[in-house]
Structure formats: structure tokens, C-alpha cells
Amino acid sequence: MRWVFVGASTIASQYMLGAVRAQDGGEVAWVVSGSAAHGAAWAAEHGVPNVTTDLAEALADDRCEAVYVSSTNEKHLPQAMAAIKAGKHVLCEKPLAMRIAEAAGMVQAAEEAGVTFATNHHLRCSGSHRAMRALIAEGKIGKVLSVRLFHAVHLPPHLQGWRINDAAAGGGVIPDITVHDADVVRFLLGEDPKRVVAQMAASGMGEGVEDSAMSVWTMPSGAMVMSHESFTHPFAGSGLEVHGTEGSIFASGVMTQEPVGEVELVTAAGRAPVEVSRHNLYEQGVSDFYSAVAGTGRAAADGPDGVKSLAVAMAVRDAAKLGQAVDVDYGEIS
Ligand code: NDP
């Protein structure tokens, strides 16, 4: 499959180019950038043969079936919509859009056009997350009572741009990381948060946007979730705990882009390490996207997943702004 990459971004160069090229026949034919100079330099450095500032020019290339959108967040909507309209399958970065209704509109447009539309929530592709999900589904920890999610990291200097100072581009830790955590919880528990309370803060990096958030979510089953995201914590490390009536899962270092971290299961029988696959998360995501296009499987996170996980993140921000509990509004998406 030949791809158009929209956005000469860090995630595209660090992970997604390699993930596409790892697939049988996977090729990135175009990169589209808002800056001719940056796009040309990016294309030359990464061996992408065609570069343009005109999205329509790349979309007119009939040899390309798929588009990956990884521009800044406010551009996802118009760029993905143009790609869908051109009949391309689209893998879009999270957050899908700045507003829930816009993201839902992308899903609807893709349905009407008969193309695959998916969200690049990479953590669903991790061997550790898939192993945890299987343990929960098999009943190994009984009824889930609570989840504690630790995702406070230190944003590296090369990413300390729009994320920390540009609200109009979709900056802030909530659209950046809380949206991933929402997706992880939805993936692990197989249910969608219904109500949240939250606080957010600027703790050293954020200028006009939050760089830290803490929230508590109520699930339809009654399980409680607490979630912590930040850009300003150099030594916190990441982790995830799922506690049930018959056992607990402790995962450390797993909220990351790499196939690393440890998972342990604790039950009345004692504490035991859990074997997890160490495959590349992004290659898995592209492979699952191919299955969705071929009709042989589902995307790791499909369009509705992207909308719902955005809805949870937006509810967290609303709850923090209002200082009161907020019901998650999933709109028309079921
Ligand atoms: P970057 O800041 O690296 O890139 C975003 C945009 O900034 C690019 O598309 C490009 O614009 C512009 N840009 C970047 N570098 C330069 C430069 N040197 N000169 C001029 N313009 C430049 O963002 P990320 O790669 O970190 O994030 C991009 C998207 O991917 C976001 O939506 C983010 O949420 C998502 N993301 C997802 C991850 C995941 O694991 N699923 C991980 C990281 C990010 P142009 O489009 O004009 O080329």
C-alpha cells in the first residue's frame, strides 16, 4: 500500500515511517507540509520521493490508497476530511479533532465514503496492554473495582513547542495524554466512562494551557478510575494498576511508545510475572489498519474509539474548568 503522509512531524519520522515500511510493500510516496523548506528537508532526510505544500496535489495521486495525518491537532479535521473525500483510507493521529462533533463528523464522512478511518492510539497495540486486557477478560482478577493510571512524564525539549503554549493548535496535556489514557481504560475494561471530576494546573511548562491533570472517572460497572497526566515530571515513571475482587494487575513503565515495562499478577496464589509480547507498537497498529482495509479484522482503535476517547478527555477538561462533575457526552457515537 502506498501512503501520503500529511505533516512532516516527529511522530511520523520517529515511528510511523518505519512502521509503514515494515509492512509488505509499504511505501510512503508523499509528504505534505505547510512549509516548503521544512517539507523538502524532511523528505530528503527520510527518503520520501514526493513533497508538496498542496494537499490536493498529493491526494490526486491515484497510486496512493492511504493517508496518515500527523499534523498539529487543529489541522486533523480539514486534512482528514479532504483525504476521505478523495476516497483514501485514513489513519489519523489523536486527538482526532478539537471538538467531539467534528471528530464524529469525520467518522460519518468515512462511513459515507466507504473508506477505513482509524485513530492512532498506539497503546492498544502494546503487548503489555493486550496481555492485561486478556487477563481481565478471562476473569483472572474477578470483578474490576478500580484502575490507577500514572502517566506523568517529562516532555522532551524538542517537543516543548505548540503542546505547551498554543491552545489554538490543540496544546495541553489533556488532548495530548489524557486522551490516550481514556483510550487505554476503555480498551482494558471494555466500557466507557460516564462521569468525571478533575483538576488541572500549569506546573512549570504550560503557557495558556494545562501541563498537568488529575481526574477520577466513574464507569458504568461501578468501577472507579484515577488518572494522572503531566508534562513536567522527570522521574515519576509510568504505571497502571487494575484491582479486582480476585486479584490485582501491576504494570510499570508501560505507558510509553516502546515495547517495554513489566506486568505482574497478584492473586491468592501469590505474585507472578506476566509474559508479554515485545513487538513494535506502531508496526502492529499499521498492520491492524491493513486488516481493517482488507476487511479481515478491525483497526486497533477505530474512528468511534477516537471520538469516545476524545469525549472523555474533553469531559476532564470541562470538569476541571467548571470545578464540578461532568457527564461524558459521546454525542451520536455508540
Ligand atoms: P511535531 O511538533 O513534531 O510536528 C507537528 C507539525 O509541526 C508538523 O506536522 C509540522 O507541520 C510542524 N513542524 C515540526 N517540525 C517543524 C520544523 N522544524 N519546521 C517547521 N515546521 C515543523 O509534533 P508531533 O510529531 O509530536 O505530533 C504530531 C501529531 O501526532 C499530534 O497530533 C500529536 O497529538 C500526535 N502524536 C501521536 C503520538 C502517538 O503515539 N499516537 C505520539 C506523538 C504525537 P507541517 O504539518 O506543516 O509539516
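Before reading on, note that the structure itself is shown above.
The structure reproduced in this document is the subject of the present report. (Residues numbered from 1 in each chain as written. Predicted model: local features only at pLDDT ≥ 70, side-chain atom pairs only at ≥ 80, totals over all residues. Heavy atoms only, no water.)

## Quick look at the sheet that holds strand β13 (residues 262-267)
Sheets are built from strands that pair by backbone hydrogen bonding, the pairs being arranged parallel or antiparallel. One open sheet accounts for nine strands, arranged β14-β13-β12-β11-β7-β10-β9-β8-β15; its pairing is mixed. Looking at strand neighbours, the two that pair on one side only are β14 (270-273) and β15 (326-327), the edges of this open sheet. Where strand β7 (residues 144-152) meets strand β11 (residues 239-244), six bridges bridge the pair, whose relative direction is antiparallel. Considered in β11, the bridge of F150 is made with G239. The strands that helix α10 (residues 303-322) touches are β8 (195-201), β9 (212-218) and β15; relative to β8, the one it contacts most, it runs at about 65°. (Pairing = 2+ DSSP bridges. Helix = DSSP H or I, 4+ residues; strand = E, 2+ residues; numbered from the N terminus. Contact = heavy atoms within 4.5 Å. Axes fitted to C-alpha atoms, helices over the stretch in contact; angles between N-to-C directions.)

## Quick notes on the environment of V185
Residue placement: V185 occurs in helix α8 (residues 173-189). Separated by 37 residues in the primary sequence, V185 and R148 have C-alpha atoms spaced 9.8 Å apart. In this view, V185 contacts V147, L149, G190, E191, W217, M219 and V225; residues no more than four positions away in its chain are not counted.

## Some details on the site of the ligand
Taken together, 25 residues lie near the ligand, and T10, S33, G34, N73 and Y282 sit nearest. In this structure, S71 approaches the ligand through a main-chain N or O atom, which is 3.2 Å from an oxygen atom. Contact between the ligand and N120: a nitrogen atom at 2.9 Å from a main-chain N or O atom of the residue. Protein burial of the ligand: of its 890 Å² of free accessible surface, 79% is covered by the chains. Sorting the residues of the shell around the ligand by element identifies α1 (10-21), α7 (162-165) and α8 as the ones contributing at least two each. (Near = heavy atom within 4 Å. Polar contact = N/O pair within 3.5 Å; in protein donor to acceptor, adjacent residues only side chain to side chain. Areas by Shrake-Rupley, 256 points an atom, 1.4 Å probe, with all protein chains shown as cover.)

## Focus on a nonpolar patch on the surface
Taken together, the side chains of F150, V197, V216, M224 and M226 make up a nonpolar region of the molecular surface, amounting to roughly 390 Å² of accessible area. With respect to the secondary-structure elements, M226 resides in strand β10 (residues 224-230). On the basis of relative accessible area, M226 is assigned to the partly exposed category, the value being 40%. (Patch = residues over 30% accessible without salt bridge, like charges linked within 9 Å, V, L, I, M, F, W, Y side chains within 5 Å. Salt bridge = Lys/Arg side-chain N within 4 Å of Asp/Glu carboxyl O. Buried < 20%, exposed > 50% of the residue type's maximum accessible area, 1.4 Å probe, protein only.)

## Overview of the packing of helix α4 (residues 76-85) against helix α5 (residues 100-113)
For the pair α4 and α5, the least separation of the axes is 10 Å and the interaxial angle reads 5°. It follows that α4 is roughly parallel to α5 by the angle criterion. Each of H76, L77, A80, M81 and I84 in α4 lies in contact with α5, whose residues at this interface are E102, G105, M106, A109, A110 and A113. (Parallel < 35°, antiparallel > 145°, perpendicular 65-115°, else oblique.)

## Some words on α5
Taking 1.5 Å of rise per residue, 14 residues should cover 20 Å, and α5 covers 20 Å from first to last C-alpha, within 8% of that figure. Regarding α5, the residues found buried are I100, A103, A104, M106, V107, A109 and A110. Those residues of α5 that are buried are in contact with α4, β5 (89-92), β6 (117-119) and α10. Among the residues trailing α5, G114 stands out with phi positive, at a value near 70°. (Expected span 1.5 Å × (residues − 1).)

## Looking at the side chain of D183
Mapped onto the elements of the fold, D183 is located in helix α8. Classification of D183 as buried rests on a relative accessible area of 1%. In terms of polar contacts, D183 uses its side chain to reach the side chain of R186, at 3.3 Å. Apart from residues no more than four positions distant in its own chain, D183 is found in contact with H121, R124, A301, D305 and S309.

## Some remarks on the packing of aromatic side chains
If you walk through the whole model with that rule in mind, you get five aromatic pairs. Look at W3 and F5: their rings are 6.4 Å apart centre to centre, the planes differ by 85°, and that puts the pair in the edge-to-face class. There is no split in this pair, since W3 and F5 are both buried. Positioned over the ring face of F250 is R271, at 5.2 Å from the centre of the ring. (Phe/Tyr/Trp six-rings, centres within 6.5 Å; stacked < 30°, edge-to-face > 60°. Lys NZ or Arg CZ within 6 Å of the ring centre and 35° of its normal.)

The values are spatial; any link to function lies outside them.
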